[in-house]
Structures are given as structure tokens and as C-alpha cells.
Amino acid sequence: GRVVDLCKPSQKRLHVGVNVALAKFLDAIIVESSEAARACVRYLKERMLPPMTFLPMADLRVSALDPRLQNLIQSQRGLRSGLNCVSYDEKYAKAFNFLLGDVVVADTMADGRRLAFEESRKLGVTCKVVTIVGEAIAKNGNLSVNSEATQAGATRFDLSELEATKARMDGIDRRLHEIHSLDSAGGADMAALELDMRRIEGRAQENALQLQQCQEELRQKASELETVDATLASVQPEAQRLAVEEARLREEQRTLEARVSEAVAGHFAHLSAAMGVEDVRKMEREFRREKEAVEQQTNELNKRLRNLKAEIQMLEQTLEEQRTKDPKQLEAKFSKEVQELQIKERDLAKQAESLNNKVTDFEQQLVKSHEAERENDKVLSTLRQQGKETRQQLMAAEKKVSDLGSEQQALLSSQSSILRQSFLEGIEVPLLRGGHEALREMAEESQSASAPTQRSPADTSEILVDFSLLPEEKQAASHGAAAQMLEAEYKSELERLRVELERLSPNLKAVDQLQGVAENVQAASHEADAARKSIEEIDGKFEAVRKARKEKFMECFQKVSDAIGPVYRRLTAQGGDGGSAYLDLEDAENPFNGGVKFTAMPPAKRFRDMHLLSGGEKTLAAMALLFAVQAFQQPPFMVLDEVDAALDANNVRALSRYVEQADCQTIVISLKDRFFIRAEALVGVWKNKPQETSAILTLDLTRYIASA
């Protein structure tokens, strides 16, 4: 589960402090093992979910609680351990020891400063300090405040409680709803009326919104109308130019239509004669032009009629406005104008009626013309389909004739080739016409040609083969399936005879071939014997080299293994017995198949893996291994580059003492005075600012050692 769900602050005033102490691990998920964590990560990746942090309890590295820090917390008021500020299930103790084991919660920043910068440094311990208002002091001394995490009443624990309270409230609301539902069984009419009232109010609000939208649209339309008027005024010259262009194009259209009519007049001559007119298409064009003219006039009249109606409406409005004035003065004038307008309206109505009658007559004529045209189109389509079918039949016949011609040409070419081959091979062919002279000329032409050529029918028409000597059943099989079967029979018989001839012909070079194969076998046998001897010699040399390599390695390993224990003991013996270290082979029989395991146990500590040692302990173990390896083959000098960076004062003193007693010259690069004060000489590099160069200083310490 999540950390925020698995723990709870022991007091409400500690919510902010615990919220800051857990920080990024509040949403971390505690799982049993690394396998479960990996499975969860794969699940998130497969579904492309946001990343999450997982804490596998089985693999967490938790250091034991420092008793000095515990005593310091207990001895001062206002301080408490982070583990004592939360309550959790004991089965998650390892996870919370990892999260809050080195956290101290202080009541005030003054208490936290005193602990972090005074008391803990005296004892040489480090810890993270958090105040109950959310201020934090890291182990390295940095102070920080997270404004989001320090808001009282807005921590994750408060939000979790709020969610739980909200869930309970939802349950109570559902229960109250059920109770109200039971109570409202008798007041269904009142609920229905209230529902209708709310529905009517909603409709009223919707109507008000629609009214506002209509008003807004009206304003937009007015603005668009003004824009259109301005645009119309600007494009009026262009419209006039386009009207002139339209008139010119219509004239060109009439000219082209006249030309097209002259070109296709022959196709519609029969239809024109049947209808009793000079040209059907010309009549149709004239009718279309008259119809367009009538429609244009009708549109003009309708436009004028609408204008007149608008004027009448405006006049009526004016009359309404002038009623307040002297009616006697205006009555005669307006009556006269109204009568004139009514007369104009009746005249226009009569003109529109006459034009509509003409349009109706023209439409009837157009319908008749269209019907006749459709009948002619049907006849034309039938004729086109018949012509198409005829063309297809003609194309199929031409293709068949072409195929037959190709087949005839191929047969004649094959006949010519067979006759030439029979003459060249001396085969007698019975002939009825042509004779052997024609065959000789055909063969001579084929030999004199630079490339094979195809014979024409004229070349073979002079030669006629006599098939009367064949049996009657084979003469009858001149075409069809019987001819194909007969041809296949002849081909199989020829193939059998060819195989028989090849079988009867002896191989005169068999003795020479056998002798060559025997010589090759003997040479290959000699080469195989030489290669076998070479492999045996190489295997012997390889075994000797491998044995020597193992002996050399075991000699070096034994010497280093014997030396590493005393060396490590000398490096860690700070007034006591010192630690122990040893080397083991993973595969003693064949050491090169495995590795070498190095184990080091500092003094007064239990056995643990190398990666669990501190930085200083790892450094001493590495130096012990280095010195033990140097014991196998003593170097003339050694160079140590800041190997004391992770060592405390006691370990630096022990390392410097060992280096001082070494049997070879040692060059040490170090920044710690406890190390280089034991040297015989010092070399320093400094920057000469006036000259912008680097300079070297040397100092001989032997005279000071002698004087001391």
C-alpha cells in the first residue's frame, strides 16, 4: 500500500512535520520484494501510466539506530524521533525505519539548530531535523522550507482524513436520500409541481438566452449589411464590366451554337421532318432563349411588384404618420397616388399573367421536344449497341484469323526444319513433289545463312511428303487428340533410342580418370596425416602454456593471499588487534573460470559484504589489496593520488605510518596534513600572478625530523 495510507501521525500538530519528513515518499508503494516491484513497473509501462516509487522491504538497506542519537533525543525536551511521531503496523517496521530512522522532529527551529549544529557534531553523528511547522535541516546543514507541504490543515494526512470524512458523508447522504424517498411517497404531487416549476424556469432562462442571441445576431446582420452595401458600391463598376462581357460571351455562344447546328443538322433531319419544323435544335435554342427572356422579364416584374408593395407599405406607414395632420389636404393626393399604383399593379399583373401563359405554352412544347428527343436517343443507343457488338465480333474474328496465321507459320517453319534436318542426317523421306534437289537447296540455304531464319510458306510449298506408306490408323490420326497421342508416342520412342545409344557407347577415358582420382586421394591422405601431427603438437604446447599460466597465477595468488592478512591487520591496528582479510577462489580447480572473492572484516565488526562497508573501510581494504599485490613483485616506487580522501584522522594516521615503513619510494598526493607531515620532502605548485606562470616550491623535512 501507499505510505500515506499505512501510517498516521500520533498527534494532529505533527501532521506538517511528518508530511515534510516523508516528502517524496508519501505516495511511494511498499511491496514485499524486488520482483513484485519490477512486476508493478512493467504493468505501469505496458499501460503507459505515470511513474511511481516502490519500496521492496526485503531489499531495503536499513542501518541500525545510533544509540548516541537516541540518548541525545531523550535527554532534551522538544525533540522526538521521527519513528515515534507516527503509528504503523509492525510488519512495515523495516520500511519506516528506512524512511524515518535518521529523522528528528523538533518543536522549534532553535531546538533543531542546537541539535544539528552543536550537539550532534560533538558526538560525530548526523541526522535530518524537521520542525513541527515544516522547516527542515538536511544532514549537510542546508535549511529548506516547502511552502506547499507546510500549510497547516492541507497536508496529505489531512487530505486523507478529509477523503475518509467525505466518504462517510456520502454514505450518510445516501442514507438520508433513502429516508427522504420513503417520506416523500405521500408528497409526490408537490414534488411534481416543483419539478414543473423548475422546468418552466429553465425554459424561461433558455428563452431569455435565445432572445439575447437573436439580438446579438441582429446587430451582427446589421453590421454585415452595412459591409455588403459598401462592398456593393465598390464592385458596381466591375459588375457593369462583367455584364458587358456576359453580353459578348452570349453572342459568341449563339454563334457557336449556330455552327454546331449546321454541323449536326444531318443527324436531326429525320426528327425535324417528323415534327414539321426546319431544325429541331434551332427551335429548342430559340425556345430556351425565349424562356430565359420570359423568366428574366418575370423576375423583373416580380422585383418591380415587390418594390411597389414596399412603396405601398411605406405609403401606408406615411399615412399613419400623417393622420395627425390635416386629413382633408392629404386625402385627395394619397387617394390619387393609391389609384395610380393600383392601376399599375393591375397592368403588371396582366403582363405577368400573359407571360406565364407563354411560359406554359413553351414548356409544353419543350416537353414534347424532350419526349421526341428521348425516343431518338433510345433508337440511337440501340444502334450504337448493335454497332459495338458488331465491332467486337469483327475484332474476335480478326484475332482468330491472326492466331490461325501464326499457328500456320509455326507449323510451316517446323516442317521446314524437320525436312532440312532429315536431309542433313541422311534420312529418306518419301516425297510426292519436290524431290531431293529441293531438299538440298533448302539445306544449303540454311548453312550459308549467318543466323537461323524462318522459312516462308513459298519455300515449302514446292515439297509434298508422301504419307501413303504409313499404316491406315496413323494416317487417320492427322489432327486432334489422336494426332497428339501419336506424336507423344513417337517422342517417347525417340527418347528411348537416344538413352539406349548413350548406354551402349563406352567411356574410353575411365582408366585415366581412375588414376587421377587415386592420386588425389593419396595426396589428401598425406595432408590429413600432417595436419593431425600439427594439431597434436599445438595441443601439447597449449597444455604446457596453460599449465605454466596456472602455476604462475597460483604462485602470485598464494603470495598475495598470505600477505593481505598481515597488511590489512597493520593498517587497521589502531591500538588493538586489527581486522582480518583474505582472498578466496570461486573455482579452485580452474581459477580462470571464476573470479577472486575479497573479504575484509574491520576490527570489532561482524562479517558483511564489501558493498556494505563504509567509504573509509573500503579505502583501507583496497589499499591493503594494493600493498599485498606489490609484495609479489616489489616496484621501484609507488604513486598514491589522494587515496586518503574518504579516511578519518585515525585511518589517515595508520595509512601514513604504513607508507612511511614501506620498502619502496612512495610519491603521495594529499591535502591532509596528518598524511604529508610524515614525508621526507614536500613539493608544492603555486601560481605566480605577476608572471602568469606556475611555480614549484620544495621543502626538505629530513632536517626537521633529525632536529626533533
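Residues numbered from 1 in each chain as written. Predicted model: local features only at pLDDT ≥ 70, side-chain atom pairs only at ≥ 80, totals over all residues. Heavy atoms only, no water.

Quick look at the overall build of the chain now. The secondary structure content of the chain amounts to 20 helices and 17 strands. Taken across its 708 residues, the chain has 22% of its residues classed as buried. Restricting to contacts in the chain with at least 6 residues of sequence separation, those with at least 24 account for 61%. Entry remark: accessible area of the chain is about 51,300 Å², with carbon and sulfur atoms responsible for 55%. (Helix = DSSP H or I, 4+ residues; strand = E, 2+ residues; numbered from the N terminus. Buried < 20%, exposed > 50% of the residue type's maximum accessible area, 1.4 Å probe, protein only. Contact = heavy atoms within 4.5 Å. Areas by Shrake-Rupley, 256 points an atom, 1.4 Å probe, with all protein chains shown as cover.)

Bringing the pairing of strand β16 (residues 681–688) into the picture now. Here β16 pairs with strand β17 (residues 693–700) via 8 bridges, running antiparallel. Residue pairing in the sheet places N688 in a bridge with T693 of β17. Between β16 and β17, which pair antiparallel and follow one another directly, the connecting turn spans 4 residues, one of which, E692, has a positive phi of 55 degrees. (Pairing = 2+ DSSP bridges.)

On to the sheet that holds strand β9 (residues 143–145), then. Strand order across the open sheet formed by 5 strands is β4-β6-β7-β8-β9, with mixed pairing between neighbours. Whereas interior strands pair on both sides, the edge strands pair on one side only; in this sheet they are β4 (79–81) and β9. Taken over all neighbouring pairs, the strand axes of this sheet differ in orientation by 25 degrees on average, direction set aside. Bridge count for strand β7 (residues 128–131) against strand β8 (residues 135–137) is 2 bridges, and the pairing is antiparallel. Along β8, the bridge assignment pairs V129 with I137. (Axes fitted to C-alpha atoms, helices over the stretch in contact; angles between N-to-C directions.)

Here we come to the packing of helix α17 (residues 615–632) against helix α18 (residues 649–660). Between α17 and α18, the shortest axis-to-axis distance is 12 Å and the interhelical angle comes to 10 degrees. Classified by the angle between their axes, α17 and α18 sit roughly parallel to one another. Within the contact between the two elements, α17 uses L620, M623 and F627 and α18 uses N651, L655, Y658 and V659. Among the residues forming the contact of α17 with α18, the class breakdown is 6 nonpolar, 1 polar and no charged. (Parallel < 35°, antiparallel > 145°, perpendicular 65-115°, else oblique. Nonpolar A, V, L, I, M, F, W, Y, C, P; charged D, E, K, R; others polar.)

Put simply, the chain has an average pLDDT of 78, and 84% of its residues get 70 or more. Between the elements of the chain, mean pLDDT differs from a low of 50, seen in helix α13 (residues 457–460), to a high of 89, seen in strand β14 (residues 637–641). Within the model, pLDDT remains below 50 along residues 449–458, and this stretch shows 10 contacts once partners closer than five positions in the same chain are excluded. (pLDDT = per-residue confidence, 0-100.)

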